[in-house]
Amino acid sequence: MKVAEAVGRALYTAGVEQVFGVVGSGNFHLTNAMVAAGARFVAARHEGGAATMADAYARVSGTVAAVSVHQGPGLTNAMTGIAEAAKSRTPLVVVAAEVTRPTSNFYVDQEALGSAVGAVPMRVASPEDAVGQACAAVRRALHERRTVLLNLPLDVQAADVPDAALAQAAPSPRRTAVEPSADEVTALAQVLERARRPVFVAGRGARSPGARDALEALAERCGALLATSAVARGLFHDNPWSLDVSGGFASPLAAELIGGADVIVGWGCALNMWTMRHGALIGADTTVVQVDDDPSALGAHRKLHLGVTGDVELTARHVLAAPGGKRQGLRTPDIAEAVVTRVRWRDVPYEDTSTRDRIDPRTLSIALDDILPAERVIGVDSGNFMGHPSMFLSVPDQDGFCFTQAYQSIGLGLATAIGAALARPDRLPVAALGDGGALMGAADLDTVRRLGLPMVVVVYNDDAYGAEVHHFGPDGHPLDTVEFPPTDIAAVARGYGFEAVTVHTRTDLKAVEDWVTGPRSAPLLIDAKVVRDRGAWWLEEAFRGHWGPS
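Residues numbered from 1 in each chain as written. Predicted model: local features only at pLDDT ≥ 70, side-chain atom pairs only at ≥ 80, totals over all residues. Heavy atoms only, no water.

A. Quick peek at helix 13 (residues 333-342). Of the positions making up helix 13, those classed as buried are Ile335, Ala338 and Val339. For helix 13, the arc enclosing every buried residue in end-on projection is 100 degrees, short of the 170-degree limit, so these residues lie on one face. When the buried face of helix 13 is taken as reference, the exposed residues oriented beyond 90 degrees from it are Pro333, Glu337 and Val340. Its buried side turned inward, helix 13 meets strand 8 (225-228), strand 9 (242-245) and helix 11 (252-259). (Buried < 20%, exposed > 50% of the residue type's maximum accessible area, 1.4 Å probe, protein only. Helix = DSSP H or I, 4+ residues; strand = E, 2+ residues; numbered from the N terminus. Arc of directions from axis to C-beta. Contact = heavy atoms within 4.5 Å.)

Put into structure tokens, the structure is as follows:
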């Protein structure tokens, strides 16, 4: 058996059942071997899209996914998606063909490329270690929550694998949950026992039903309110004490209550500048605690009063088992009423600035929230518009929202929604994009149609890179470089086989209602011409991250 076939089969045996990619000569045999072994392959139209589809699939499914790319340009095309996955610590294996001769036109230092964006580079150096390296790559991705770049030199791919080496293929063992120390559990229990206004903020490390249940039980005992980082949105969807998202997306009431906490506990959450508004949501006398199973994450973004190394669910259950009585904390009747009536952004009064030609993005988002089925999975691109679908479109749970924003690259949203849709085929997939990101990723509209996904693609179209318009425009800078003539994105979508509607006013959304109640035999794109009179509420906060201290 050739190395290419053996590696493909070993990756499947080790636990990779879903692979995305663009196939060229260098990864042809490898990809076919994965398919023959039982993996599902999805052909994207661009490697950047393939990497982000795999990233999103892994996040929502909780499994390790793979990306298969050609040597050289196949990998460089995928690098932005790989950078996003690596920054987000997504368990992912990028399988890249490789040339090792510097005289080849395909040659680049692929190991250095992977390292530069935070991926873990590995290489199949010989037929004898091919199967072992493939399995090791999957184990490392899973156990260390890393994006691994597995390089496969072309000459090695064509070599024969010794029969004895084939026996190295084995399923990857499950990741072992990290037990917190007894002293740290006791310290956390004591902090919560003293707390009078506690708030829990759950992040990526808490995105599981078991962790949710444990945190809700502990919060009930100590009277804590519940919030999430953006990537964990939906975790506490049905809980009456949920504040939704903490940070730049937080509603005024959520920000007020989080900012007034005397104890903030980040559960599998980095408590970074986005989630804590550069520290503005942390009071001068607030006790800050962080729980994470990776000790290097503790205190990485801010000073802590207590760091606990441990799995979120195990830590919460150990604290629950410690002595302590139930306390009211912030769970008062007044706060309960305020959360019901004011914590959602759609319940915050606003001046509707819609015109005859353009619709207010808040009005659009609220209407879509009412029209689209509640069982949905939403992928959001980056840009000035992104807060509106992120906060005005509700999601049923932590699997309903996929937010690939660690790198803040526009153009990833459509691929994000595709990967999330394949991980949750029982839900209506919704891609929320700006016009810039939609046009960047337009090639994979073909992938949506080819896969038969009943997707809704919403384009918040202001004919500009709106973030730059609203950041630099008020200072009188010329905006020619970030504004564009109107584009009929609905017509583009029809060319790919979509149904499409152009929305100027609320009444134009009747076509969306008809699609929802119809057979949904083709995906739908909504080209929403949104007002461009002001920047989104979170925009100033976002640009502080670019230009100011964190």
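B. Broad picture of the pairing of strand 1 (residues 18-21). Of the two faces of strand 1, both are covered, the one formed by Gln18 and Phe20 as well as the one formed by Val19 and Gly21. Sheet topology note: the strand 1/strand 2 (residues 40-43) ladder contains four bridges and is parallel. Bridge pairing in strand 2 links Gly21 to Ala43. Considered for its hand, the β-α-β crossover made up of strand 1, helix 2 (residues 28-37) and strand 2 is right-handed. Inspection of the sheet shows strand 1 paired to strand 3 (residues 65-69) by three bridges, in the parallel sense. Note that in strand 3 the partner of Val19 across the bridge is Ala66. (Pairing = 2+ DSSP bridges. Right-handed = clockwise from strand over helix to strand, strands pointing away.)

C. Main features of the sheet that holds strand 6 (residues 147-153). In space, the six strands of this open sheet follow the order 2-1-3-4-6-5, with parallel pairing throughout. Sheet topology places strand 2 and strand 5 (120-123) at the edges, where each strand pairs with a single neighbour. With direction set aside, neighbouring strand axes in the sheet form an average angle of 25 degrees. (Axes fitted to C-alpha atoms, helices over the stretch in contact; angles between N-to-C directions.)

D. Seen up close, the sheet that holds strand 11 (residues 287-292). Taken in spatial order, the six strands line up as 9-8-7-10-11-12 in an open sheet, and their pairing is parallel. The sheet terminates laterally at strand 9 and strand 12 (306-309), the two strands that pair on one side only. Here the average twist between neighbouring strands, direction ignored, is 15 degrees. Here strand 10 (residues 263-267) runs beside strand 11; their pairing, made up of five bridges, is parallel. If you follow Val263 over to strand 11, its bridge partner there is Thr287. Strands in contact with helix 11 are strand 7 (198-202), strand 8, strand 9 and strand 10; relative to strand 9, the strand with the most contacts, it is inclined by about 110 degrees. Contacts from helix 12 (residues 312-321) reach strand 10, strand 11 and strand 12 within the one sheet, and its direction differs from that of strand 10 by about 140 degrees.

E. Representation of the packing of aromatic side chains within the structure. Applying the stated criterion across every chain, the model contains seven aromatic pairs. A centroid spacing of 5.4 Å and a plane angle of 25 degrees characterise the contact between Phe385 and Tyr460, whose relative ring orientation is stacked. With Phe385 in the loop between strand 13 (376-380) and helix 15 (387-392) and Tyr460 in strand 16 (residues 456-461), this residue pair connects regions lying 75 residues apart in the sequence. Here the two residues Phe385 and Tyr460 agree in accessibility, since each one is buried. An aromatic cluster of three or more residues is present, and its members are Phe249, Phe401 and Phe403. When the ring centre of Phe401 is taken as origin, the NZ or CZ atom of Arg233, which lies over that ring, is 5.7 Å away. (Phe/Tyr/Trp six-rings, centres within 6.5 Å; stacked < 30°, edge-to-face > 60°. Lys NZ or Arg CZ within 6 Å of the ring centre and 35° of its normal.)

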